[in-house]
Amino acid sequence: MLSNESDILAAAEAWRREGRGVALATVIETWGSAPRPVGSHLVVDDAGNFLGSVSGGCVEGAVITESLDAIADGRARTIAFGVADETAWQVGLSCGGRIRVFVEPVA
Amino acid sequence: MQIEILATLNAERAARRAAILVTDLEGGAQRVVREAELAADPLADLLARHLASGQSGLVEAGGRTLFLTVQAPPVRLVVIGAVHISQALCPMARALDLAVTVIDPRTAFATPERFPGIDLVAHWPDDAFAGPVAPLDHYCAVAALTHDPKIDDPALAAALRAECFYVGALGSRKTHAARVARLAGAGFGEAAIGRIAAPIGLDIGAVSPAEIAVSILAQIVAAQRAPRTGAPK
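Everything numeric in this text was worked out from a predicted model, so none of it was measured. Here, residues in each chain are numbered from 1, in the same order as that chain's written sequence. Lettering for chains starts from A, numbering for ligands starts from 1, and both go in the order in which the items are written. Selection of residues for local features in this predicted model requires a pLDDT of at least 70, selection of side-chain atom pairs for listing and counting requires 80 or more, and totals for whole chains, interfaces and linings are taken over all residues. Computation of side-chain values: all heavy atoms of the structure, hydrogens and water removed.

> What is the right way to look at the overall build of chain B in this model?
Secondary structure elements are taken from DSSP: a helix is a run of H or I of four residues or more, a strand is a run of E of two residues or more, and numbering for both begins at the N terminus. For chain B, the count of helices and strands is 8 helices and 10 strands. Expected size for 233 residues packed as a compact globule is a radius of gyration near 17 Å; at 20 Å, chain B falls within 12% of this value. The dimensions of chain B, computed from C-alpha atoms along their principal axes, are 60 × 35 × 35 Å. Intrachain contacts of chain B at a sequence separation of at least 6 include 59% that bridge at least 24 residues. Surface exposure of chain B reaches about 10400 Å², of which carbon and sulfur atoms provide 57%. Radius of gyration means the value over C-alpha atoms here, while the globule rule gives 2.2 Å times the residue count to the 0.38 power. Working rule for contacts: check all heavy atoms of both residues, and any pair within 4.5 Å makes them a contact. All accessibility values rest on the Shrake-Rupley procedure with a 1.4 Å probe; residue burial counts only the protein chains present in the view.

Below, the structure is given as structure tokens:
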């Protein structure tokens, strides 16, 4: 089933209350033909389960890795993906767009 | 993000009230501004503009870079009358992402054949709002299109009481004058009655049902996107 933003934030709260480590990723800026709009969410738990999407799939893996790091060290971070970024060649956005994502642990 | 902040966002969403999460991207500090608190907030104008547009986004304020996560309830359109105009209106409204319900107690009009895939309720408005249709609220638009006061009036009264962001009624100026008199007789004040868009729709010289539907939806979008600093009363 396709998850909407409401499901994602509800899951983030429910997962945290179950005692899981949880991080929330939010698209805060886009340029060009980014596939997901500003404000889109992805929630990740410490086992790597996730719900939602920040990129329609292109950089989800890297965002999940950053989310696991955020759960581990308890710190928020901002990460950027796109053609101008060195990492784009590894995980890049095939659409040619660029996005910035804010990743924060849920305390 | 503190779990309490997340819980507040989820509670406001469940209650169909708007809220904005303000995140300071440098320090990570966060706070939730509920719609009712918006007017008194130091960032009131900024927040009101984002709430009206429904757009989340980065803003600069007081030398800080903030991210605003705008959470507004999905907008519902309740159409009174399963009439010809409604048949044109419903698919257009869905294209605008409005959640559409049509209410008409006349079972000859309210048929799935005439409204394929549309939430159709063959009840009188008062019965509909007491049962199968979720109660009206500030994030509802109500368009009364039956031309029949027995059906339109109770729906308009319910819409005004619920402070729906848009209330429109089909009918000529003469028809509306009679309607105003009836609503005044029912105890509604001038300000409340003045919120009814009548004759319904923007004045674009609409003739066909589809054109009238466009004029109604344009008026609804304009009402939806007008910046508002206050909470609904």
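Let's pick the thread back up.
> I tried to follow the domain arrangement of chain B on my own but got confused; where do I start?
Where interface size is quoted, it is often the accessible area lost as the parts come together. All names here are of chain B. All domain edges in this entry derive from an automatic or database-based domain assignment. Splitting chain B by domain gives domain 1 (3-71) and domain 2 (76-225). Summarising the inter-unit geometry, the C-alpha centres of domain 1 and domain 2 are found 31 Å apart. Between domain 1 and domain 2, the residue contacts involve 6 residues of the former and 7 residues of the latter. Interface area for domain 1 against domain 2, summed over the two sides, is near 520 Å², with a carbon-plus-sulfur share of 33%. The quantity reported as buried area is the accessible area (1.4 Å probe) lost by two parts once they are put together, taken as the sum for both. Three residues stand out in domain 1 for area buried against domain 2, namely Arg-16, Glu-35 and Ala-52, and they jointly supply 82% of the buried area on that side. Here, a salt bridge means any side-chain nitrogen of Lys or Arg that lies within 4 Å of a carboxyl oxygen of Asp or Glu. At the surface where domain 1 touches domain 2, the tally comes to 1 salt bridge. For the salt bridge of Arg-16 with Asp-137, the shortest nitrogen-to-oxygen distance reads 2.7 Å.

> Where do I start with the UniProt feature "domain: XdhC- CoxI" (unreviewed entry) in chain A in this structure?
UniProt positions are given in the numbering used here, feature names are shortened, and annotations may be inferred rather than shown by experiment. According to UniProt, the "domain: XdhC- CoxI" (unreviewed entry) feature falls on residues 15-82 of chain A. From the first C-alpha to the last, residues 15-82 of chain A spans 30 Å; its make-up is 25% helix and 34% strand.

> Teacher, can you tell me more about the sheet that holds strand S7 (residues 119-121) of chain B here?
Two modes of strand pairing occur in sheets, parallel and antiparallel, and in both the strands are linked by backbone hydrogen bonds. All names here are of chain B. Taken in spatial order, the 6 strands line up as S7-S6-S5-S8-S9-S10 in an open sheet, and their pairing is parallel. Across the chains shown, the open sheet's two edge strands, defined by having one partner strand only, are S7 and strand S10 (196-197). By the bridge criterion, 3 bridges tie strand S6 (residues 99-103) to S7 in an arrangement that is parallel. Directly across from Val-102, in S7, lies its bridge partner Leu-120. For two strands to count as paired, DSSP must find a minimum of two bridges between them.

> Please explain the UniProt feature "domain: XdhC Rossmann" (unreviewed entry) in chain B as it appears in this structure.
The UniProt entry lists residues 77-220 of chain B under the feature "domain: XdhC Rossmann" (unreviewed entry), expressed in the numbering used here. Annotated as residues 77-220 of chain B, this span is 42% helix and 16% strand, and its ends, taken at the C-alpha atoms, are 9 Å apart.

> Whenever I open this one, the pattern of salt bridges confuses me. Can you help?
Two side chains with opposite charge may pair up if their charged atoms get near one another. Residue and element names in this part refer to chain B. In total, this model carries 15 salt bridges over all chains according to the counting rule given. In this structure, Glu-12 and Arg-34 form a salt bridge, with 3.4 Å as the shortest nitrogen-oxygen distance. You can see Glu-12 sitting in helix H1 (residues 3-14) and its partner Arg-34 sitting in strand S2 (residues 30-34), a full 22 residues away along the chain. The partner of Lys-150 in a salt bridge is Asp-148, and the shortest N-O contact between them spans 3.4 Å. Exposure is judged per residue with a 1.4 Å probe applied to protein chains only, and the accessible area is read against the type maximum: over 50% gives exposed, under 20% gives buried, and values in between give partly exposed. Residue Lys-150 is classed as exposed on the basis of its relative accessible area of 56%. Asp-148 sits in the buried class, given a relative accessible area of 18%. Salt bridges sharing partners connect three or more residues here, namely Glu-12, Arg-17, Arg-34 and Glu-37.

> Looking at this structure, how should I read helix H8 (residues 209-225) of chain B?
Every α-helix carries 3.6 residues per turn, so stepping three or four residues along brings you back to the same face. In this model, H8(B) (17 residues) spans 24 Å end to end at C-alpha, consistent with the 24 Å of a helix rising 1.5 Å per residue. On its buried face, H8(B) sits against helix H2 (44-53), strand S5 (76-80), helix H3 (84-95), strand S8 (140-144), strand S9 (166-169) and S10 of chain B. Working rule for helices: expected span equals 1.5 Å times residues minus one.

> Please explain the nonpolar core as it appears in this structure.
Where a protein is soluble and globular, its nonpolar side chains tend to be buried together. Residue and element names in this part refer to chain B. Working definition of a nonpolar core: buried Ala, Val, Leu, Ile, Met, Phe, Trp, Tyr and Cys residues. They are joined through side-chain atoms within 4.5 Å. By size, the foremost hydrophobic cluster in this structure holds 29 residues, and its most contacted members are Leu-77, Leu-89, Val-102, Leu-145, Tyr-166, Ile-216 and Ile-220. Where this core is concerned, the elements lending two or more residues are S5, H3, S6, S8 and H8. When residues no more than four places from it in sequence are discounted, the contact partners of Ile-220 are Leu-77, Ala-141, Phe-165 and Tyr-166. The next biggest cluster of nonpolar side chains, apart from the first, holds 25 residues, and it includes Ala-157, Ala-158, Leu-160 and Val-167.

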